[in-house]
Amino acid sequence: MMKTKRVEYLGFVLLLGFALLSKVDAKGQKTGTASIQKQQYDVAAFVWPSYHPDDRAKIFWPAGFGEWETVMKNKPKYDGHEQPRQPLWGYINEADPYVAEMEINAAADHGVNVFIFDWYWYDGMPFLESHLNDGYLQAKNNDRVKFYLMWANHDVDLTWDKRNAGKPNDDLIWKGAVDRDEFEKICHRIIEKYFKHPSYYTIDGKPCFMIYDLNSLIAGLGGITETKEALDWFRNETVKAGLKGINLQACLRSSKFRLSDNQGNVIGTQADVINELGFDGLSHYQFVHFAGIDRDYLDIIEDVEKEWTRLDQAFDIPYYPHVSVGWDNNPRFEMFRPGVVKNNPPENFEKALKMARDYADKHPNQYPLITINSWNEWTETSYLQPCTMYGYGYLEAVRRVFVK
């Protein structure tokens, strides 16, 4: 009986979501067919591509419709906890091209003109590619929002599995590190399948490609020298494919972060390794990676701005300012997890966006690229998509700052 009720509820929410899609899509299509003016800034939102059916993902979300299963089970864990957050669009299938068209129009209309897709490769094959391949790339309007890839080459444990997340165990599902043969296989796929797409985002004509975990990259390839050789090979293969090369971007951690080889030996500071490997640009994925987040958002962004200044002085390559909506990954756990950003409604998020815009304005010699976490990180409570708590508030904040 309970199972029947749950299925009926899911069906109702899906119908509600698609009813909402119809309204937004009708509005979006009108805007989408109009002439598109070039934006002054490139506002890029990271995309967590887990909200669609995927057979391999059933080990984490057995119901078969991705991490929506976790979002649906979300509950507050203390008095005043601003949970649950639910999607205003319903539990949409982001691997559906008609859904993707609606999302693209909503993003573009509010000033988000680039998607950075988290891209995965485990056990010799891609993982969670359908949002990109079957959704975004099949959308008729994907020229409105460019895209590029961030290789999320981290290990995977049970954190995505709410039934087991946070419990004492040493279970490792997949390793993110790959050897040279596997690296070359990955690069050829990316060059042929993605880099040549007309909507792929470029800087100076070079397709952008971000790497999430430098430690994992270096450990898999066998050291700094071997990693440099592999990245140089990747650049050359891209040129051989008829492109201008790669704009290679590193995803930063805190300033105290040290990198290790495959034996666990410290091989240098983050700055030393990035310079040695010849990266072209830098950004962050999340405030939680470099700032204390268990406090007020306005206090956090003061420290964030100081870190941007430090990075500007520490590196000769561009830093593209990063803004996170927030952080609270309690939806993924049955127990309470410390570390929750406080006081981050859309109006305070807008203040961080203005900081990023000002940073870009003060660096006219680099591309005006700004990264945002994220388009849809519902289980980390850092999303731009409209929700039941703030409506379109976060997207409207982007529009007010970046759309003239």
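For the structure given in this document, a descriptive report is provided here.

Calculation criteria
- Residues numbered from 1 in each chain as written.
- Predicted model: local features only at pLDDT ≥ 70, side-chain atom pairs only at ≥ 80, totals over all residues.
- Heavy atoms only, no water.
- Helix = DSSP H or I, 4+ residues; strand = E, 2+ residues; numbered from the N terminus.
- Buried < 20%, exposed > 50% of the residue type's maximum accessible area, 1.4 Å probe, protein only.
- Polar contact = N/O pair within 3.5 Å; in protein donor to acceptor, adjacent residues only side chain to side chain.
- Contact = heavy atoms within 4.5 Å.
- 1 Å grid on protein atoms, 1.4 Å probe; cavity = no way out; pocket = protein on both sides within 12 Å on 5 of 7 lines; lining within 4 Å.
- Points joined across faces, edges and corners; volume = space filled by probe spheres on them.
- Nonpolar A, V, L, I, M, F, W, Y, C, P; charged D, E, K, R; others polar.
- Salt bridge = Lys/Arg side-chain N within 4 Å of Asp/Glu carboxyl O.
- Pairing = 2+ DSSP bridges.
- Phe/Tyr/Trp six-rings, centres within 6.5 Å; stacked < 30°, edge-to-face > 60°.
- Lys NZ or Arg CZ within 6 Å of the ring centre and 35° of its normal.
- Arc of directions from axis to C-beta.

Some words on the side chain of Ser283
And step 1. In this structure, Ser283 sits in strand β10 (residues 281-283).
And step 2. Judged by relative accessible area, which is 0%, Ser283 ranks as buried.
And step 3. From its side chain, Ser283 meets the backbone oxygen of Tyr320 in a polar contact 2.9 Å long.
And step 4. Leave out the neighbours within four places in its chain, and Ser283 touches Met210, Ala250, Cys251, Leu252, Tyr319, Tyr320, Pro321, His322 and Thr371.

Focus: the layout of surface pockets
And step 1. What the second largest pocket holds in volume is close to 440 Å³.
And step 2. As for the second largest pocket, its lining consists of 22 residues, and the residues nearest its centre are His154, Trp160, Tyr212, Arg332 and Glu380.
And step 3. Tallied by class, residues from the lining of the second largest pocket come to eleven nonpolar, five polar and six charged.

Describing the pattern of salt bridges
And step 1. Within this structure, the stated rule accounts for 20 salt bridges.
And step 2. Across the pair Glu184 and Arg180 runs a salt bridge whose closest N-O atoms are separated by 2.9 Å. Of the two residues, Glu184 and Arg180 are both situated in helix α5 (residues 180-195); the distance of four residues between them amounts to about one turn of the helix.
And step 3. Asp303 is the partner of Arg295 in a salt bridge, and the nearest nitrogen-oxygen pair spans 2.7 Å.
And step 4. Overlapping salt bridges bring together Glu67, Arg332 and Glu380 as one network.

Regarding the pairing of strand β1 (residues 42-47)
And step 1. The buried count for β1 comes to six of six residues, which makes it a mostly enclosed element.
And step 2. Burial of the side chains of β1 extends over both faces: Asp42, Ala44 and Phe46 are buried on one face and Val43, Ala45 and Val47 on the other.
And step 3. Across four bridges, β1 lies against strand β12 (residues 369-373) in parallel orientation. Across the sheet, the residue bridging to Val43 is Ile370, located in β12.
And step 4. Looking at chain direction, β1 and strand β2 (residues 114-122) are connected through four bridges and run parallel. Within β2, the position partnered with Ala44 by the bridge is Val114.

Let's talk about the packing of aromatic side chains
For any two aromatic rings, the description comes down to two numbers: the centre-to-centre distance and the angle of the planes.
And step 1. Tallying each qualifying case throughout the model produces 48 aromatic pairs.
And step 2. Consider the rings of Tyr120 and Phe127, whose centres lie 6.4 Å apart with planes at 80°: the pair is edge-to-face. Each member of the pair, Tyr120 as well as Phe127, is classed as buried.
And step 3. For Arg253, the ring lying beneath its charged end belongs to Tyr212, and the centroid distance is 4.4 Å.
And step 4. A cation sits over an aromatic face here: Arg337 above Phe333, 4.1 Å from the ring centre.

Section: helix α8 (residues 270-277)
And step 1. Restricting attention to buried positions, one finds in α8 the residues Gln270, Val273, Ile274 and Leu277. Down the axis of α8, the smallest arc covering the buried residues is 100°, so these residues share one side.
And step 2. Lining the buried residues of α8 we find α6 (214-221), α7 (224-240), β7 (247-251), β8 (258-260), β9 (266-269) and β10.
And step 3. A positive backbone phi angle near 75° is found at Gly278, which sits one or two residues after α8.

Digging into empty space enclosed by the protein
And step 1. Applying the stated criterion across every chain yields a total of four cavities of 30 Å³ or more.
And step 2. Approximately 60 Å³ is the volume found for the largest cavity.
And step 3. What lines the largest cavity is Phe60, Trp61, Pro62, Glu69, Thr70, Lys73, Asp161, Lys162 and Arg163.

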